[in-house]
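The chain contents come next:
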Amino acid sequence: MHELAVAKRIARVVVDCARQNRAAGVTDIYLRIGALRGITGEWVRRYFVYASRGTVAEGALLHIDRVPGSVICRCGAVTPLEPGHLDDVACRECGGTELRLWSGREFTLVGIGVREKGGLENERHPID
Ligand SMILES: [Zn+2]
């Protein structure tokens, strides 16, 4: 499953990030996912529960910002893409069809919210 691989990747990156920042836990994860990615937010959330089990990211809340698809024309105008109408799209300003993808393929981990370790819990990290 595509979403499972995605959820595992998110979990790995978030756990690494939390470790580097010596966080006690991850509370929130902010993602930006383009509409053309074919990724269902609901399934990413479900698989993330599984992928993050037993890690510092377990129980973190996923906030998914969906970015709609759009194309840009040679004239500079940006035209939104309607789902299911990707083949017959033309510029809404000039009707041109020489279009480049402008948005909708994003897949970005925007940020994470962490719970810091309490004073007594601080681990000592030896310096290499
Ligand atoms: Zn145009």
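Residues numbered from 1 in each chain as written. Predicted model: local features only at pLDDT ≥ 70, side-chain atom pairs only at ≥ 80, totals over all residues. Heavy atoms only, no water.

Draft legend 1. Geometry of the packing of aromatic side chains. Across all of its chains, the model carries one aromatic pair by this definition. Seen from their ring centres, Trp-43 and Tyr-47 are 5.7 Å apart, and the 35° between their planes marks the pair as tilted. Placement of both Trp-43 and Tyr-47 in helix H2 (residues 41-51) is noted, with a separation of four residues, approximately one turn of the helix. By relative accessible area, which is 17% here, Tyr-47 ends up buried. The cationic tip of Arg-46 hangs over the ring face of Trp-43; the distance from NZ or CZ to the ring centre is 4.6 Å. (Phe/Tyr/Trp six-rings, centres within 6.5 Å; stacked < 30°, edge-to-face > 60°. Helix = DSSP H or I, 4+ residues; strand = E, 2+ residues; numbered from the N terminus. Buried < 20%, exposed > 50% of the residue type's maximum accessible area, 1.4 Å probe, protein only. Lys NZ or Arg CZ within 6 Å of the ring centre and 35° of its normal.)

Draft legend 2. Representation of the sheet that holds strand S5 (residues 99-103) in the model. Read from one edge of the open sheet, three strands run S4-S3-S5, paired in antiparallel fashion. Each edge of the open sheet is held by one strand with a lone partner, namely strand S4 (78-80) and S5. The average angle at which neighbouring strand axes cross in this sheet is 35°, direction not considered. Pairing between strand S3 (residues 70-73) and S4: three bridges, direction antiparallel. Within S4, the residue paired with Val-71 across the bridge is Thr-79. (Pairing = 2+ DSSP bridges. Axes fitted to C-alpha atoms, helices over the stretch in contact; angles between N-to-C directions.)

Draft legend 3. Fine view of the packing of helix H1 (residues 2-20) against H2. Here H1 crosses H2 at 55°, and the two axes come no closer than 8 Å. In terms of their interaxial angle, H1 and H2 are classed as oblique. Pair H1 / H2 crosses with right-handed handedness. Contacts between H1 and H2 involve Glu-3, Leu-4, Val-6, Ala-7, Lys-8, Ile-10 and Ala-11 from the first element and Trp-43, Val-44, Tyr-47, Phe-48, Tyr-50 and Ala-51 from the second. (Parallel < 35°, antiparallel > 145°, perpendicular 65-115°, else oblique. Left-handed = near helix turned anticlockwise from the far one by under 90°. Contact = heavy atoms within 4.5 Å.)

Draft legend 4. Seen up close, unusual backbone geometry. Phi is positive for Arg-22, close to 50°, though the residue is something other than glycine. Of note, Arg-22 is situated in the loop between H1 and strand S1 (23-34). Given the relative accessible area of 45%, Arg-22 is considered partly exposed.

Take it as geometry only, folks, not as evidence of what the structure does.
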